[in-house]
Amino acid sequence: MMPFIFKIINKKEINTVIPLIQKLTDNAISDAILKARFARMVEENYECAGIYDSEASQEKLIGICGLWFQTRHYAGKSMEVDHVYIEDAYQGKGLGKEFFKWLYAYGKSKGCNTSELNTYVQNYPSHKFYYNEGYEIYGYHFYKTL
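Residues numbered from 1 in each chain as written. Predicted model: local features only at pLDDT ≥ 70, side-chain atom pairs only at ≥ 80, totals over all residues. Heavy atoms only, no water.

**Student:** How should I be thinking about the pattern of salt bridges in this particular structure?
**Tutor:** Oppositely charged side chains may form a pair once their charged atoms are brought near each other. Summed over all chains, the structure comprises 8 salt bridges. Between Arg-40 and Glu-44 there is a salt bridge, with the nearest N and O atoms lying 3.8 Å from each other. Within this structure, Arg-72, Glu-80 and Glu-116 form a network of salt bridges that share partners. (Salt bridge = Lys/Arg side-chain N within 4 Å of Asp/Glu carboxyl O.)

Structure representation (structure tokens):
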């Protein structure tokens, strides 16, 4: 396996994730709107973790996931994993499993005792991965535009 670095992306560098978010969402939202939203998110309970390929001439961001931290009445202090994306060329090599090990340790270091996530219904490959990670379906996530 190539050498990878997992780390929290500095708030001032949050816009470096936009190209990967655009790939994940098929460019569903403009860069300008994403920049405005990320600027607000990093001031809330949001952090973003990155996977960097350190063999590139300079560290290359090849994977991301958002992290929301909150206390839930049913779960205690929780880390919600959000929008995981790893570049296609790096998938299927065990990198996701290593990333999640790092995420769990990071969550524990922040006092979290549970991890939650949402995944899109049609994202079948992620379902198998999350089941293999020990996640269970606990409920449904509903969405309504106001």
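**Student:** I'm lost on the packing of aromatic side chains in this one. Help?
**Tutor:** Aromatic ring pairs: the centre-centre distance and the angle between the two ring planes describe each pair. Tallied over the entire structure, the rule returns 16 aromatic pairs. Three or more aromatic residues link up through ring pairs in this structure, and these residues are Phe-6, Phe-69, Phe-99, Trp-102 and Tyr-106. Between the NZ or CZ atom of Lys-7 and the centre of the ring of Tyr-52, over which it lies, the distance is 4.8 Å. The ring centre of Phe-69 lies 4.8 Å from the NZ or CZ of Lys-110, which sits over that ring. (Phe/Tyr/Trp six-rings, centres within 6.5 Å; stacked < 30°, edge-to-face > 60°. Lys NZ or Arg CZ within 6 Å of the ring centre and 35° of its normal.)

**Student:** Hey, could you run me through the state of the cysteines in this one?
**Tutor:** By definition, a disulfide links the sulfur atoms of two cysteine residues through a covalent bond. If you walk through the whole model with that rule in mind, you get 0 disulfides. Unpaired in terms of disulfides, Cys-48 finds its nearest cysteine sulfur in Cys-65, a separation of 6.7 Å. The buried category is assigned to Cys-48, whose relative accessible area is 2%. Here Cys-112 is not disulfide-linked; the sulfur of Cys-65 is the nearest cysteine sulfur, at 12 Å. When its relative accessible area of 9% is taken as the criterion, Cys-112 is described as buried. (Disulfide = S-S within 2.5 Å. Buried < 20%, exposed > 50% of the residue type's maximum accessible area, 1.4 Å probe, protein only.)

**Student:** What am I meant to see in the nonpolar core here?
**Tutor:** If you look at soluble globular proteins, the nonpolar side chains tend to sit buried side by side. In terms of nonpolar packing, the biggest core is built from 21 residues, with Ile-51, Leu-67, Val-81, Leu-95 and Leu-103 touching the most fellow members. Counting only elements with at least two residues in this core, the list comes to β1 (4-8), β2 (46-53), β3 (60-72), β4 (76-86) and α3 (95-109). Considering each element in turn, this core owes the most residues, 5 residues, to α3. Val-81 has contacts with Cys-65, Gly-66, Leu-67, Phe-100, Ser-115, Glu-116, Leu-117, Asn-118 and Tyr-135, leaving out every residue within four places of it along the chain. (Core = buried A, V, L, I, M, F, W, Y, C linked by side-chain atoms within 4.5 Å. Helix = DSSP H or I, 4+ residues; strand = E, 2+ residues; numbered from the N terminus. Contact = heavy atoms within 4.5 Å.)

**Student:** Please explain the sheet that holds β3 as it appears in this structure.
**Tutor:** Hydrogen bonds between backbone atoms are what pair the strands of a sheet, whose relative direction is either parallel or antiparallel. One open sheet holds the 5 strands; their spatial order is β1-β2-β3-β4-β5, and the pairing between them is mixed. With one partner strand each, in any of the chains shown, β1 and β5 (114-117) form the two edges of the open sheet. For this sheet, the mean inter-axis angle between neighbouring strands, taken without regard to orientation, is 25°. Examined bridge by bridge, β4 and β5 share 4 bridges and lie parallel to one another. By the bridge assignment for β5, Ser-78 is matched with Thr-114. (Pairing = 2+ DSSP bridges. Axes fitted to C-alpha atoms, helices over the stretch in contact; angles between N-to-C directions.)

**Student:** When you look at the environment of Gly-111 in this model, what are you seeing that I'm missing?
**Tutor:** Looking at the element boundaries, Gly-111 is found in the loop between α3 and β5. Relative accessible area serves as the criterion here: at 46%, Gly-111 is assigned to the partly exposed category. Put simply, Gly-111 and Phe-69 are 42 residues apart on the chain and 9.8 Å apart in space, counted from C-alpha to C-alpha.

Take it as geometry only, folks, not as evidence of what the structure does.
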